[in-house]
Amino acid sequence: MRGESVYVKSSISRSAMLVFVLLPILAGVCKAEVVPMDTLIPKYVNGWRSDHHDATYDRKTLYDYIDGGAEVYLAYGFRQVFARRFVRNSKPSITADLFDMGSSADAYGIFSFEREGDDVGVGQASEYAAGFLRFWKGDFFVSILADEETPDSRKAVMALGQTIASRIKSEGERPAIVSLLPAEDLIRTSIRYFHEKSGLDYHYFIADKNILGLGKHTEVVLAEYKIGSSKSRLLLVRYPKAAEALAAFSDFKAAYMPEAGEDAVVRTENGKWAAARLRRNLVIAAFDAPTEEAAKTLLRRVADRTEVSEK
Amino acid sequence: MNVITRRDFMRGAASAALAAAVGFPAAVEAQNVKKSRVVLIRDANVLDARGRVDTKTLGVMLDTAVAKLLGKSDAASAWKSLVSPKDFVGIKTNVWERLRTPPELEEIISNRLLVKVGVPKNKVFCDDRGSREKFEASTALINVRPARAHHWSGMGGCIKNYIILSANPSSYHPDACASLATVWQLPIVKGKTRLNILVLLTPQFYGRGAHSFDPRYVWQYKGLAVSLDPVAVDAVGAHLLRTKRIQYFGEDKPITPTTHIAVADHKYGLGVSDLNRIELIKLGWAKDVLI
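What you are looking at is a predicted structure, and each value in this text was computed from that prediction instead of being measured.

1. Remarks on the overall build of chain B
Right, so step 1: The helix and strand inventory of chain B stands at nine helices and eight strands.
Right, so step 2: Computed over C-alpha atoms, the radius of gyration of chain B comes to 18 Å, within 12% of the 19 Å expected from 2.2 N^0.38 for 291 residues, which places it in the range of a compact globule.
Right, so step 3: By principal-axis analysis of the C-alpha atoms, chain B measures approximately 55 × 45 × 40 Å.
Right, so step 4: Taken over 291 residues, chain B has a buried fraction of 51%.
Right, so step 5: Sequence separation of at least 24 residues holds for 72% of the intrachain contacts in chain B that already meet a minimum separation of 6.

Next up, the structure:
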């Protein structure tokens, strides 16, 4: 599939969008944000030029482009990706992929899913290593990969990233659930935001069955905490309704900590502590805490932050 | 709900293969069951510093490994015991651009079939993306591809290499590709595979990014693993990649569990996935063998 794709700001139906766009144009003023995706990526950068084989892939055709990683994007609200390859004589080629993730929450989410490094100042958050720049801004996640890192290709990758980021005009919000993570002891690069069980299996396998009832409807955030010399994990799952959270909490307790009492705290077989708590439509769970108190403290801090956010 | 949890792995109450799939040390299981043989061969001279293949060395490696696998004294008799001159042979390769089966290896396999076995040239096809059409009339398959960390199945190996022979490859992707072994039940595949070659010249032990590739996570291991059992050779490959991740990162970085390897054994009976039921024969260069 080749050619130009058009990014249409979400939350309005296509027909409504058409009316919304045409009326201002007829009036001589275009207020709607309708941005062709190919215009967000330049055709030249630092001596590299587009190879004129742009391609666009949607949810049905993404497998044609990404072998092995498509499902990660499909587990979010991915809509389409615009891909442009840059070439320069006897220099490594560079591939820029612009992913429309459908929402800023999911643009942040796909960025967080593999985040490892510190920010390098591109877009709303970014990282760079070994010729590979990734960042998010607005509804977009951007991946720029040089086939080989050289001083020149590194500069070109960074320049390309800065240009794309500057052409994406709108910024987006991080998912609100992320702000419920307590800041103390948090390893910031470990924050993962996703929706489905596959995301949890990837980062921290809990069970073969979907005992937390995760799916497209759930918001999940997983993060690591450095408590003393050990690494603990905190998991938050937000459900659309409190009744769903209650059911998931009950299933989780029954499967993962059947011996736990009302306080839902257990010492697991690795000598660490796990604890869980239900708070309205939110299930909170701590794993691998070094002490019972540490596990409870993590949960309490989240609960305190939910109080604050609700006031 | 019959659930296997993380805690079951902590207490060693789940199968070794499933434990390995989710990153726990394998528990010891019963020994009185079927074993599969995997031959791992390495040679320090098969690649130069820039990764270029020494074809002669690679050919010797393959011949030596195949003969050892089959208990034959020479390569010709080993290849002849795998394939008949009457066979129509499909060499299922993998051409993923960032880490493909080396063309030199494809040539070597073709050469062995043509020269050592005597299969007519018009009955040997090597293909990947066009294999579904070209292999329809095949009577024998040689399965060859590199080992690499794979975002959704945990590892791209020999079991997964046949996914493109199905009409709808993406239908095998749910649940971390758990049902991949069913590809091996398709008529185009079933009962035809004579040899599995997992290419470990430059395996990819971890993947990141939209294309699940990062050159930092590829290393020159300079090996080949061969087996009649696709599950066993993949289990060895997954073990190697995990061991390398632990060596490189100081801990096992998260990847998608390689559940499909265990499931191929325990649910579909395609082969052996438990490492202590695999007879691993190591030949050649021993430095940094890791497993």
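2. Focus: the overall build of chain A
Right, so step 1: Counting secondary structure elements, chain A contains eight helices and 16 strands.
Right, so step 2: In chain A, buried positions account for 45% of the 311 residues.
Right, so step 3: Taking the contacts inside chain A whose residues are at least 6 apart along the sequence as the reference set, 61% of them involve residues at least 24 apart.

3. Overview of the confidence of the model for chain B
Residues and elements named next belong to chain B.
Right, so step 1: When the pLDDT values of chain B are averaged, the result is 89; 90% of them are 70 or greater.
Right, so step 2: This stretch, residues 27-32, has a pLDDT under 50; its non-local contacts, to residues over four places away or in other chains, come to eight contacts.
Right, so step 3: Under the prediction, the complex receives an ipTM of 0.82, its pTM being 0.80.

4. Details of the environment of phenylalanine 252 of chain A
All names here are of chain A.
Right, so step 1: Relative to the assigned elements, phenylalanine 252 resides in helix α7 (residues 242-256).
Right, so step 2: In sequence terms phenylalanine 252 and lysine 91 are 161 residues apart; their C-alpha atoms lie 53 Å from each other.
Right, so step 3: Apart from residues lying up to four places away in sequence, phenylalanine 252 is in contact with Ile211, Leu212, Ala276 and Val283.

5. Section: the interface of chain B and chain A
Right, so step 1: Listed as interface residues are 28 residues of chain B and, on the opposing side, 30 residues of chain A.
Right, so step 2: Considering each element in turn, the side of chain B that touches chain A owes the most residues, three residues, to helix α1 (residues 6-10) of chain B.

6. Regarding the domain arrangement of chain A
Residues and elements named next belong to chain A.
Right, so step 1: Split by domain assignment, chain A resolves into domain 1 (6-167) and domain 2 (176-310).
Right, so step 2: At the junction of the two partners, domain 1 supplies ten residues and domain 2 supplies nine residues.
Right, so step 3: A per-class count over the side of domain 1 that touches domain 2 returns four nonpolar, three polar and three charged.

7. A look at the pairing of strand β3 (residues 124-127) of chain B
Residue and element names in this part refer to chain B.
Right, so step 1: Across the two faces of β3 the burial differs, with Val124 and Cys126 buried and Phe125 and Asp127 not buried at all.
Right, so step 2: Pairing between strand β2 (residues 89-92) and β3: four bridges, direction parallel. Residue pairing in the sheet places glycine 90 in a bridge with phenylalanine 125 of β3.

8. Focus: α7 of chain A
Each α-helix turn comprises 3.6 residues. Residues three or four places apart therefore point the same way.
Right, so step 1: The terminal C-alpha atoms of α7 of chain A lie 21 Å apart, and with 15 residues this matches the ideal 21 Å at 1.5 Å per residue to within 8%.
Right, so step 2: Turning to α7 of chain A, its buried residues are Ala245, Ala248, Phe249, Phe252 and Tyr256 of chain A. Down the axis of α7 of chain A, the buried side of the element spans an arc of 105°, and every buried residue falls inside it. In α7 of chain A, the exposed positions angled more than 90 degrees off the buried face are occupied by Ala243 and Ser250 of chain A.
Right, so step 3: On its buried side, α7 of chain A packs onto β13 (230-238), β15 (273-279) and β16 (282-289) of chain A together with α1 of chain B.

9. Observations concerning the sheet that holds β13 of chain A
Residue and element names in this part refer to chain A.
Right, so step 1: Overall, antiparallel pairing links the six strands, which are arranged β11-β12-β13-β16-β15-β14 in an open sheet. In this open sheet, the two strands that pair with only one neighbour each are β11 (192-194) and β14 (265-267). Going across the sheet, the axis of each strand differs from the next one's by a mean of 15°, ignoring polarity.
Right, so step 2: Contacting β13, β15 and β16, α7 crosses the sheet at an angle of about 160° to β15.

10. Focus: the packing of helix α8 (residues 230-249) of chain B against helix α9 (residues 259-266) of chain B
Packed helices, taken two at a time, are described by their axes: the angle between them and the distance between them.
All names here are of chain B.
Right, so step 1: For the pair α8 and α9, the least separation of the axes is 10 Å and the interaxial angle reads 150°. Taken together, the axes of α8 and α9 are roughly antiparallel relative to one another. As α8 runs across α9, the sense of the crossing is left-handed. Taken together, the residues of α9 that come into contact with α8 (itself represented by Val231, Asp234, Ala235 and Ala238) are Ile261, Ala264 and Asp265.
Right, so step 2: The residue inventory of the contact of α8 with α9, partitioned by class, reads five nonpolar, no polar and two charged.

11. A look at the packing of helix α4 (residues 75-82) of chain B against helix α5 (residues 103-117) of chain B
Residues and elements named next belong to chain B.
Right, so step 1: The N-to-C vectors of α4 and α5 enclose an angle of 100°; their axes lie 9 Å apart at closest approach. When the axis of α4 is compared with that of α5, the two are roughly perpendicular. Between α4 and α5, the contacting residues are Ala75, Ala76, Trp79 and Lys80 on the first element and Arg112, Lys116 and Val117 on the second.
Right, so step 2: Grouping the constituent residues of the contact of α4 with α5 by class yields four nonpolar, no polar and three charged.

12. Digging into the nonpolar core
All names here are of chain A.
Right, so step 1: The biggest cluster of nonpolar side chains holds 94 residues, and the ones touching the most others in it are Ile94, Leu98, Val283, Ala286 and Ala295.
Right, so step 2: Among the elements that line this core, the one with the most residues is β16, at seven residues.
Right, so step 3: Each of domain 1 (6-167) and domain 2 (176-310) accounts for three or more of the residues forming this core.
Right, so step 4: With residues up to four places along the chain from it excluded, the contact list for alanine 286 reads Ser232, Leu234, Ala274, Ala275, Ala295, Leu298 and Leu299.

13. Some remarks on unusual backbone geometry
Right, so step 1: The phi torsion at arginine 280 of chain A lies on the positive side, around 50°, for a residue other than glycine.
Right, so step 2: Examined against the element boundaries, arginine 280 of chain A turns out to sit in the loop between β15 and β16.
Right, so step 3: By C-beta crowding, arginine 280 of chain A is classed as partly exposed, having 13 other C-beta atoms within 10 Å.
Right, so step 4: The phi dihedral of lysine 222 of chain B falls on the positive side, at around 60°, and the residue is not glycine.
Right, so step 5: Its place among the elements puts lysine 222 of chain B in the loop between β6 (193-204) and β7 (223-227).

14. Comments concerning helix α5 (residues 151-167) of chain A
Right, so step 1: Along its 17 residues, α5 of chain A runs 25 Å from first to last C-alpha, staying within 8% of the 24 Å computed at 1.5 Å per residue.
Right, so step 2: Of the surrounding elements, those touching the buried residues of α5 of chain A are β3 (44-45), β4 (48-50), β7 (94-100), β9 (132-137) and β10 (140-146) of chain A.

15. Considering the pairing of β10 of chain A
Residues and elements named next belong to chain A.
Right, so step 1: Counting buried residues in β10 gives seven out of seven residues, a clear majority hidden from the surface.
Right, so step 2: Neither face of β10 is exposed, since Phe140, Val142, Ile144 and Ala146 on one face and Phe141, Ser143 and Leu145 on the opposite face are all buried.
Right, so step 3: Bridge count between β7 and β10: seven bridges; the pairing is antiparallel. By the bridge assignment, aspartate 100 is partnered in β10 with phenylalanine 140.
Right, so step 4: As paired strands, β9 and β10 are joined by six bridges and run antiparallel to one another. In the sheet register, arginine 134 faces β10, and the bridge partner there is serine 143.
Right, so step 5: Here β9 folds back onto β10, and the loop between the two strands holds two residues, one of which, glycine 138, carries a positive phi near 60°.

Cut-offs used in this document
Residues numbered from 1 in each chain as written. Chains lettered and ligands numbered in written order. Predicted model: local features only at pLDDT ≥ 70, side-chain atom pairs only at ≥ 80, totals over all residues. Helix = DSSP H or I, 4+ residues; strand = E, 2+ residues; numbered from the N terminus. Rg over C-alpha atoms; globule rule 2.2 N^0.38 Å. Buried ≥ 20, exposed ≤ 12 C-beta atoms within 10 Å, placed from the backbone. Contact = placed C-beta atoms within 7 Å. pLDDT = per-residue confidence, 0-100. Domains from an automatic or database assignment. Nonpolar A, V, L, I, M, F, W, Y, C, P; charged D, E, K, R; others polar. Pairing = 2+ DSSP bridges. Expected span 1.5 Å × (residues − 1). Arc of directions from axis to C-beta. Axes fitted to C-alpha atoms, helices over the stretch in contact; angles between N-to-C directions. Parallel < 35°, antiparallel > 145°, perpendicular 65-115°, else oblique. Left-handed = near helix turned anticlockwise from the far one by under 90°. Core = buried A, V, L, I, M, F, W, Y, C linked by C-beta atoms within 7 Å.

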